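# Commentary on secondary and tertiary structure
Below, each chain spelled out in residue letters.
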Amino acid sequence: MDAREMKIKAAEAALAHVEDGMRLGIGTGSTAEEFVRLLAEKVASGFRVEGVPTSERTARLCVELGVPLKSLDELPALDLTVDGADEVDPALRLIKGGGGALLREKIVAAASERMIVIADESKLVDTLGAYALPIEVNPFGLVSTRMAIEKVAARLGLSGELSLRQSGDGEFTTDGGHHIIDASFGRIPDAEALSSELNSIPGVVEHGLFINMAALAIIAGPAGARTLQANR
Ligand code: 5RP
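Cut-offs applied
- Residues numbered from 1 in each chain as written.
- Predicted model: local features only at pLDDT ≥ 70, side-chain atom pairs only at ≥ 80, totals over all residues.
- Heavy atoms only, no water.
- Helix = DSSP H or I, 4+ residues; strand = E, 2+ residues; numbered from the N terminus.
- Expected span 1.5 Å × (residues − 1).
- Buried < 20%, exposed > 50% of the residue type's maximum accessible area, 1.4 Å probe, protein only.
- Contact = heavy atoms within 4.5 Å.
- Polar contact = N/O pair within 3.5 Å; in protein donor to acceptor, adjacent residues only side chain to side chain.
- Pairing = 2+ DSSP bridges.
- Lys, Arg positive; Asp, Glu negative; His and termini not counted.
- Salt bridge = Lys/Arg side-chain N within 4 Å of Asp/Glu carboxyl O.

## Let's talk about helix α1 (residues 3-15)
Relative to the 18 Å expected for 13 residues at 1.5 Å per residue, α1 spans 19 Å between its end C-alpha atoms, a close match to the ideal helical length. When we look at burial in α1, the residues that qualify are Met6, Lys7, Ala10, Ala11, Ala14 and Leu15. Residues of α1 that are buried sit in contact with α2 (30-44), β3 (78-83), β6 (112-120) and β14 (216-221). The residue sitting at the N-terminus of α1 and contributing the capping side-chain oxygen is Asp2; that oxygen lies 3.2 Å from the backbone nitrogen of Arg4.

## Brief notes about the sheet that holds strand β13 (residues 209-210)
Ordered in space as β4-β5-β13, the three strands form an open sheet in which the pairing is antiparallel. Both edges of this open sheet fall to β4 (87-88) and β13, since each of them pairs with a single strand only. One ladder, built from two bridges, connects β4 with strand β5 (residues 94-95); its direction is antiparallel. Bridging from a neighbouring strand, Val88 pairs with Leu94 of β5.

## Thoughts on the side chain of Lys7
The topology assignment puts Lys7 in helix α1. With no salt bridge to any partner, buried Lys7 finds its closest opposite charge in Asp120, at an N-O distance of 4.7 Å. A polar contact of 2.9 Å, which involves the side chain of Lys7, links it to the side chain of Ser30. When near neighbours in sequence (up to four residues on either side) are disregarded, Lys7 contacts Ser30, Thr31, Glu34 and Asp120.

Printed below as a string of structure tokens:
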């Protein structure tokens, strides 16, 4: 089974949790896109859902495939969000934001009764941090914000390159008009502490640590999909 087939397996298993009439948060990334494709097939055969997309990219795919969309202001309380992740640890803490949509993804997940994460098994790790942590920052005062991130990291015994994400001919800009610093800390032993320290920096808009958000992770490997449950 190749990586795409594993993503489809995870997406199929997540679709089994979607009930007729649900208000759904719809994630971003290649795994979430497989979910959108399968969801669109169900919608075409009469299944009713209303989706809130977590990015302009996801919104475009949903429109193209006929998945009905609403804004989060129109549907401020959602039943379920299904989204991908860059890393998942055994407590279902996540690193997200590889696709640059972490702010909307976190807002949508927080507005949902439940979040299900879908991923192939390469995303499962013992400790978060091998994947560079995306930190969404306001373009104003970028240098100061970067220094503040370095200070926080040093206090927590973390170090590593902080690189401003690029795209095409300049800095990558998120749907919200912000930039992303990818922090290569290597290993994050205390994700909770890092999360709250980063949240205290004014120039940090949001970061890609999703803690206590996912209720289930559906992880697909060559033998099929298995479900991990959060112990909360
Ligand atoms: C986007 C994300 C994605 O969910 C994450 O990057 C995983 O993407 P993929 O399914 O393509 O590996 O957080 O901001």
